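# Summary of structural features
Next come the chains, spelled out residue by residue.
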Number of protein chains: 2
Amino acid sequence: MQFYVGIDLGGTFIKGGLVSDRGEILKFERVPTRVQDGSAVILSDLDKMIETLVKGLKGKLMGIGIGIPGLVDSKRENVVIAPNLGWKNVEVADALKEKYACPVVLANDANAAGLGEAKFGSGAKYDSSVFLTLGTGVGSAIILNGKLFEGNCSAGGEVGHMIIRAGGNQCACGRCGCYETYASATALIRETKKAMLENRTSKMWEIKSVDNVCGKTPFDYYNTDETAKKVVDEYVENLTIGILNVANILRPQAILLGGGIAKQGKFLTEKVDRLLKQWIYAGELGPEVKILTATLDEAGVIGAASLNM
Amino acid sequence: MQFYVGIDLGGTFIKGGLVSDRGEILKFERVPTRVQDGSAVILSDLDKMIETLVKGLKGKLMGIGIGIPGLVDSKRENVVIAPNLGWKNVEVADALKEKYACPVVLANDANAAGLGEAKFGSGAKYDSSVFLTLGTGVGSAIILNGKLFEGNCSAGGEVGHMIIRAGGNQCACGRCGCYETYASATALIRETKKAMLENRTSKMWEIKSVDNVCGKTPFDYYNTDETAKKVVDEYVENLTIGILNVANILRPQAILLGGGIAKQGKFLTEKVDRLLKQWIYAGELGPEVKILTATLDEAGVIGAASLNM
């Protein structure tokens with residue numbers, strides 16, 4: 001058995017695992033990310049976590065992989081920008097490389113998670129897959145020939161910032177109409193609240209306040225409330241437009257959905273699949289693109305570890 | 001020197017060249033495509049053309065490449081669908097392979113042309129590029145690590161059928177809002193005619209009739225007519241939205257524009273570049289995506305030949 005460390009460095013928690021070459025988490029650690037204390041403190045916490053993970057390790061550590069919420073140039077082992085951490089050009093790899101005498105690879109966190117899913121999760125059967133996390137935004141990872149595809153200087157793979165409705169919803173990135181303003185959990189919650197406020201008789205009011213809306217709400221009421229059904233159907237349509245674009249451009253074998261919304265499972269994927277089959281270029285003459293949900297509990301940690309596999 | 005045959009099998013002409021390993025056309029042939037006479041006649045014309053091209057060849061023929069206007073599964077050496085030729089599941093490669101005792105590779109025509117540009121044209125300096133032909137539709141080719149990327153069963157690379165304005169213009173593919181309904185020469189001509197009919201005082205009426213509008217018209221009047229300027233500016237904005245999406249997803253080193261509209265050269269690319277720099281994800285922190293025009297006269301023929309290089 002070979003051993004790897006995978007770190008998922010999030011804006012809220014640092015999670016880390018000692019991971020086997022079969023993608024099993026042998027040891028797991030989690031600490032809050034002390035963003036307000038600056039990069040040196042975070043790097044020190046991260047170092048301590050790795051120390052704990054490799055303590056007593058019977059075997060060679062093959063590599064450390066770190067997923068970071070930002071634009072990472074994995075060749076230069078540098079974080080170009082990570083707004084949630086307040087980082088700009090923080091050197092992460094050098095000290096760790098020397099101390100642990102192994103390769104240290106950085107990647108964008110969604111890229112790492114997507115690689116984890118592609119290697120050990122629902123994408124394991126496929127050579128090419130695209131992973132989409134439906135969360136605060138829409139994170140994404142492109143896997144081609146079993147490898148992470150990151151584009152020039154690792155700046156590609158930003159499917160969430162593909163414009164699907166030019167002139168549409170304002171995105172945090174500055175543009176209007178980006179996919180993530182329609183397909184993220186944030187977007188679904190925003191539309192659910194809006195629909196509730198416009199329809200005071202909606203059954204969704206059973207949850208009392210729009211403050212209680214979460215990504216599950218409209219799905220919970222899908223079969224009993226027209227307003228909820230409309231919100232979900234429109235969300236699925238927008239979600240599928242982006243999936244269609246990815247399918248027409250990259251034609252992967254599978255598209256894997258992760259994040260909170262993907263917990264809806266087949267209820268969601270079957271709806272997406274039905275629309276995609278209608279819309280996809282060349283219809284049934286082309287190869288199918290499977291729509292699946294992600295299956296790993298800690299894709300970020302396993303994926304970060306797999307950056308060195 | 002090594003010798004290759006490249007064929008650009010279009011809906012109007014079959015063009016073919018004997019091409020050197022440096023991308024030079026040593027011999028060139030062109031005949032009308034007799035679409036109405038069926039696939040057997042076209043295949044026979046194609047065979048005769050290859051005979052002419054290799055006649056007296058001093059050296060071994062390394063391979064034959066054929067660009068086809070349709071969905072081609074290059075692994076199965078089969079044309080899946082080519083509406084302009086009326087072809088469905090026509091076997092193209094087997095007979096040629098046997099007769100000329102060399103590999104025969106098929107590809108979508110835009111893919112072949114893009115590969116030609118990437119190897120011997122304006123993309124030659126770059127490992128990764130995306131080629132967009134702005135013609136009747138928007139054809140495209142994705143080159144990654146110097147190789148044509150076609151997606152599963154060669155069904156990817158359909159950038160023209162990425163939706164950029166959901167619910168927008170009707171596309172021939174059945175969907176609404178596809179990129180090619182905004183960025184093709186057809187789209188520019190349609191919008192120019194519409195603008196002329198709505199503005200009877202436009203200087204563009206110097207061409208007498210909307211029937212005389214071509215992709216050049218609004219560019220010719222850009223500096224002297226507000227209506228023409230507006231048409232071009234809107235066209236450039238839509239063109240750039242699709243380019244932005246490609247850049248954010250694939251982050252190639254360069255995007256190469258071909259087809260009639262690309263003859264506007266720097267006038268066009270500088271406008272696109274300016275918008276792209278404003279819009280691209282991570283702004284100037286990420287690597288630049290160069291916007292260039294295609295430079296090869298017969299990219300389709302040279303590219304088809306290069307399928308075997």
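Remember, it's a predicted structure, so these values are computed and weren't measured experimentally.

## Some remarks on the overall build of chain A
- A tally of regular secondary structure across chain A gives 9 helices and 13 strands.
- A globule of 309 residues ought to have a C-alpha radius of gyration of about 19 Å, and chain A, at 20 Å, matches this closely.
- The dimensions of chain A, computed from C-alpha atoms along their principal axes, are 60 × 45 × 35 Å.
- Sequence-distant contacts in chain A: of pairs separated by 6 or more residues, those separated by 24 or more amount to 62%.

## A short note on the relation of the copies chain A and chain B
- In the superposition of chain A on chain B (RMSD 0.0 Å, axial shift 0.0 Å), the rotation amounts to 180 degrees. Within this description, the copies of the chain are treated as partners about a two-fold rotation axis.
- A share of 100% of the interface residues of chain A reappears at the interface of chain B, consistent with the copies meeting face to face through the same patch.

## Topic: helix α9 (residues 299–306) of chain B
- Burial runs high along α9(B): 8 of the 8 residues are buried.
- Its buried side turned inward, α9(B) meets β1 (3–9), β2 (13–20), β3 (25–32), β4 (61–68), α3 (109–120) and β12 (254–258) of chain B.

## A few points about helix α7 (residues 226–250) of chain B
Residues and elements named next belong to chain B.
- Helix length check: α7 (25 residues) gives 36 Å between terminal C-alpha atoms against 36 Å at 1.5 Å per residue, within 8%.
- In terms of burial, α7 is a largely internal element, 19 of the 25 residues being buried.
- Directly beyond the C-terminal end of α7, a positive phi value near 35 degrees is found at Arg-251.

## Focus: the environment of A:Cys176
Residue and element names in this part refer to chain A.
- Considering the arrangement of structural elements, one finds Cys-176 in the loop between β11 (147–149) and α4 (180–183).
- As a C-alpha pair, Cys-176 and Gly-116 span 60 residues in sequence and 31 Å in three-dimensional space.
- The contacts of Cys-176, once residues within four sequence positions are left out, are Gly-167, Gly-168, Asn-169, Gln-170 and Cys-171.

## Section: the interface of chain A and chain B
- Contact with chain A, which involves 35 residues of that partner, is made by 35 residues of chain B.
- Taken together, the elements giving at least two residues each to the side of chain A that touches chain B come down to β6 (78–82) and α7 (226–250) of chain A.
- Split into classes, the residues belonging to the side of chain A that touches chain B amount to 21 nonpolar, 10 polar and 4 charged.

## Some details on the domain arrangement of chain A
Residues and elements named next belong to chain A.
- What the domain assignment reports for chain A is domain 1 (3–119 + 298–306) and domain 2 (125–293).
- On the side of domain 2, 15 residues touch domain 1, which itself brings 14 residues to the contact.
- Considered class by class, the residues forming the side of domain 1 that touches domain 2 number 8 nonpolar, 4 polar and 2 charged.

## Quick word on the nonpolar core
- Counting 201 residues, the largest nonpolar core has A:Ile164, A:Ile255, B:Ile164 and B:Ile255 as the members making the most contacts within it.
- With near-sequence residues (within four places) excluded, A:Ile164 lies in contact with A:Gly177, A:Tyr179, A:Tyr182, A:Ile241, A:Gly242, A:Asn245, B:Ile163, B:Ile164 and B:Ala166.

## Some points on unusual backbone geometry
- Phi angles above zero are rare outside glycine, and A:Asn145 is one such case at about 50 degrees.
- Locating A:Asn145 in the fold gives a position in the loop between β10 (138–144) and β11.
- For A:Asn145, a count of 9 C-beta atoms within 10 Å translates into the label exposed.
- With a phi angle near 80 degrees, B:Lys208 is a residue other than glycine that sits in the positive phi range.
- Note that B:Lys208 resides in the loop between α5 (185–198) and α6 (217–220).

## Regarding the packing of α5(B) against α7(B)
Residue and element names in this part refer to chain B.
- In the contact formed by α5 and α7, the axes pass within 10 Å of each other and the chain directions differ by 150 degrees. Between α5 and α7, the interaxial angle falls into the category roughly antiparallel. Every pair of crossing elements has a handedness; the one defined by α5 and α7 is right-handed. In this structure, α5 contributes Leu-188, Glu-191, Thr-192 and Ala-195 to the contact, and α7 contributes Thr-227, Lys-230, Val-231, Glu-234 and Tyr-235.
- Broken down by class, the residue content of the contact of α5 with α7 amounts to 4 nonpolar, 2 polar and 3 charged.

## Some thoughts on the packing of α3(B) against α9(B)
All names here are of chain B.
- Where α3 meets α9, the axes come as close as 7 Å, and the angle between the chain directions of the two elements is 85 degrees. Classified by the angle their axes make, α3 and α9 are roughly perpendicular. Residues Asp-109, Ala-112, Ala-113, Gly-114, Leu-115, Gly-116, Glu-117, Lys-119 and Phe-120 of α3 form the contact with α9, whose own contacting residues are Ala-299, Gly-300, Ile-302, Gly-303, Ala-304 and Ser-306.
- Residue composition of the contact of α3 with α9, grouped by class: 7 nonpolar, 5 polar and 3 charged.

## Looking at the pairing of strand β4 (residues 61–68) of chain A
Residue and element names in this part refer to chain A.
- Most of β4 is tucked away, with 6 of its 8 residues classed as buried.
- Judged from the 6 bridges that link them, strand β1 (residues 3–9) and β4 form a sheet pairing that is parallel. Each residue of the ladder has a partner; that of Asp-8, found in β4, is Gly-67.

## A closer look at the environment of A:Lys88
All names here are of chain A.
- With respect to the element layout, Lys-88 can be found in strand β7 (residues 87–91).
- Accessibility expressed as a C-beta count within 10 Å gives 13 for Lys-88, which makes it partly exposed.
- Each C-alpha atom, one on Lys-88 and one on Val-5, is 24 Å from the other, the two residues being 83 residues apart in sequence.

## Some details on the sheet that holds strand β8 (residues 104–108) of chain B
All names here are of chain B.
- Judged by pairing direction, the sheet is mixed, and its 5 strands sit side by side in the order β3-β2-β1-β4-β8 without closing on themselves. Sheet topology places β3 and β8 at the edges, where each strand pairs with a single neighbour. Each strand of the sheet is rotated relative to its neighbour by a mean of 15 degrees, with strand direction disregarded.
- Pairing analysis gives 7 bridges linking β2 to β3, with the strands arranged antiparallel. Looking at the pairing, Ile-14 lines up with Val-31 of β3.

## Regarding the confidence of the model for chain A
- Per-residue pLDDT for chain A has a mean of 95; in total, 100% of the residues score no lower than 70.
- Among the prediction metrics, the complex's ipTM stands at 0.94, with pTM recorded as 0.95.

## Digging into the sheet that holds strand β3 (residues 25–32) of chain A
Residue and element names in this part refer to chain A.
- In spatial order, the strands read β3-β2-β1-β4-β8; together these 5 strands make up an open sheet with mixed pairing. Edge positions in the sheet fall to β3 and β8 (104–108), since each has one partner strand and no second. Neighbouring strand axes in the sheet, compared pairwise and without regard to direction, differ in orientation by 15 degrees on average.
- Lying over the sheet, helix α1 (residues 39–54) contacts β1, β2 (13–20), β3 and β4, oriented at roughly 30 degrees with respect to β2.

Calculation criteria
- Residues numbered from 1 in each chain as written.
- Chains lettered and ligands numbered in written order.
- Predicted model: local features only at pLDDT ≥ 70, side-chain atom pairs only at ≥ 80, totals over all residues.
- Helix = DSSP H or I, 4+ residues; strand = E, 2+ residues; numbered from the N terminus.
- Rg over C-alpha atoms; globule rule 2.2 N^0.38 Å.
- Contact = placed C-beta atoms within 7 Å.
- Least-squares fit on C-alpha atoms with pLDDT ≥ 70 in both.
- Buried ≥ 20, exposed ≤ 12 C-beta atoms within 10 Å, placed from the backbone.
- Expected span 1.5 Å × (residues − 1).
- Nonpolar A, V, L, I, M, F, W, Y, C, P; charged D, E, K, R; others polar.
- Domains from an automatic or database assignment.
- Core = buried A, V, L, I, M, F, W, Y, C linked by C-beta atoms within 7 Å.
- Axes fitted to C-alpha atoms, helices over the stretch in contact; angles between N-to-C directions.
- Parallel < 35°, antiparallel > 145°, perpendicular 65-115°, else oblique.
- Left-handed = near helix turned anticlockwise from the far one by under 90°.
- Pairing = 2+ DSSP bridges.
- pLDDT = per-residue confidence, 0-100.

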